[in-house]
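# Structural description and commentary
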Amino acid sequence: MTTDTTRPAAGPARIATLAALPVALVVGLVAFWGLGGFPSHAEKPQNLAAVPAEAPGLAPSPATVCRALVSKLPDTLGGLQRRPVTAGGEQNAAFGDPPIVLSCGVSKPAVPQDAQLLGLSGVCWFPEERPGETVWQSVDRDVALRVVVPKSVDGSWLVNLSAPIVATVPATDPGPVHC
């Protein structure tokens, strides 16, 4: 009784797979490294000190809406930790360092007729560029909102605020301006 101990020749599919595996591994590692890799413990700790905020007195109805909104806001916003505010914790919220500050129950903005408005996930915003920051003001909400974003912070997080705003702050007709 004889047994054949020779292996069949490697087929083209097997050779291609064996060649592709190391290439895929290297490409994956480069992509992982390029996207930041593992978080470093040497990163600067985030400042969690209270952020200055104003708290003007609100009528009962706007105060109720603002409390509902602030209670629905997340603990983190696009990776930015929520921070305490110096005043009006029921109508103001802050995230990150430098802080992004949301204020509820502010004065409605005067929006020029030719203003560029942006509709983001169900909320119509009037952005104003200022030195060092962009101030976003809602134009289609029953209770006006303002979000101040430092220039050094990525503004893509604004969309993350839309769901709690849409869920808690009733929409209203923005008048002659349109998103």
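Shown above is the structure to which this text applies.
This is a predicted model, so every value here is computed, not measured. (Residues numbered from 1 in each chain as written. Predicted model: local features only at pLDDT ≥ 70, side-chain atom pairs only at ≥ 80, totals over all residues. Heavy atoms only, no water.)

## Quick word on the overall build of the protein chain
Note the cut-off: Numbered from the N terminus, helices here are DSSP runs of H or I no shorter than four residues, and strands are runs of E no shorter than two. Contact between two residues is taken to exist if any of their heavy atoms lie within 4.5 Å; hydrogens are not considered. Computed by Shrake-Rupley with a 1.4 Å probe, the accessible areas treat only the displayed protein chains as cover when residues are assessed.
From N to C terminus, the protein chain includes three helices and eight strands. Secondary structure elements in the protein chain, listed N-terminal to C-terminal, are α-α-β-β-β-β-β-β-β-β-α. Expressed as a percentage of contacts within the protein chain between residues at least 6 apart in sequence, the contacts between residues at least 24 apart total 56%. Accessible area of the protein chain: about 11100 Å², with a carbon and sulfur share of 61%.

## A few points about the nonpolar core
Note the following rule: Put simply, buried Ala, Val, Leu, Ile, Met, Phe, Trp, Tyr and Cys residues joined by side-chain atoms within 4.5 Å make one nonpolar core. Three labels apply to residues, based on accessible area from a 1.4 Å probe with only protein chains included: buried if under 20% of the type maximum, exposed if over 50%, partly exposed otherwise in between.
Counting 25 residues, the largest nonpolar core has Leu69, Leu73, Val147, Trp157, Leu161 and Ile165 as the members making the most contacts within it. Elements supplying a minimum of two residues to this core: α2 (60-72), β3 (92-95), β4 (100-104), β6 (123-130), β8 (145-150) and α3 (158-168). Setting aside anything within four residues of it in sequence, one finds Leu161 in contact with Leu73, Leu77, Leu102 and Val147.

## A word on the state of the cysteines
Note the cut-off: In what follows, a disulfide is any cysteine sulfur pair within 2.5 Å.
Throughout the structure, instances matching the rule amount to two disulfides. With its sulfur 1.6 Å from that of its partner, Cys124 forms a disulfide with Cys179. Because the sign of the S-S torsion sets the handedness, a value of about 95° for the bond joining Cys124 and Cys179 places this disulfide among the right-handed ones. Here Cys124, found in strand β6, pairs with Cys179, found in the segment after α3; they are 55 residues apart in sequence, far enough to count as distant.

## Details of unusual backbone geometry
Across the junction of Asp97 and Pro98, the peptide omega takes the value 5°, indicating a cis bond. With respect to the helices and strands, the residue Pro98 is situated in the loop between β3 and β4. One non-glycine residue, Ser121, lies in positive phi territory at about 50°. By secondary structure assignment, the location of Ser121 is in the loop between β5 (118-120) and β6.

## Focus: the sheet that holds strand β1 (residues 76-77)
Worth spelling out the cut-off: Strand pairing is assigned whenever DSSP detects at least two bridges linking the two strands. To define axes, lines are fitted to C-alpha atoms, for helices over the stretch in contact only, and angles between the resulting N-to-C directions are given on a 0 to 180 degree scale.
Taken together, the eight strands give an open sheet; going across it, the order is β1-β2-β3-β4-β8-β7-β6-β5, and neighbouring strands pair in antiparallel fashion. The sheet is open, and its two borders are formed by β1 and β5, each paired with just one other strand. Where β6 meets strand β7 (residues 133-138), six bridges bridge the pair, whose relative direction is antiparallel. Following the sheet pairing, Pro127 is matched in β7 by Trp136. Strand contacts of α2: β2 (80-83), β3, β4 and β8, with the helix running at about 150° to β4, the strand carrying the most contacts. Packing against the sheet, α3 makes contact with β1, β4, β5, β6, β7 and β8, and its axis sits at approximately 140° to β6.

## With respect to the pattern of salt bridges
Definition in use: The working definition used for a salt bridge is a side-chain nitrogen of Lys or Arg within 4 Å of a carboxyl oxygen of Asp or Glu.
Taken as a whole, this structure holds four salt bridges when the rule is applied. A salt bridge links Glu128 to Arg130; its shortest N-O distance comes to 3.5 Å. The exposure class assigned to Glu128 is partly exposed, which follows from its relative accessible area of 25%. Between Lys151 and Glu129 there is a salt bridge, with its nearest N and O atoms 2.0 Å apart.

Keep in mind that these numbers describe shape and distance, not what the molecule does.
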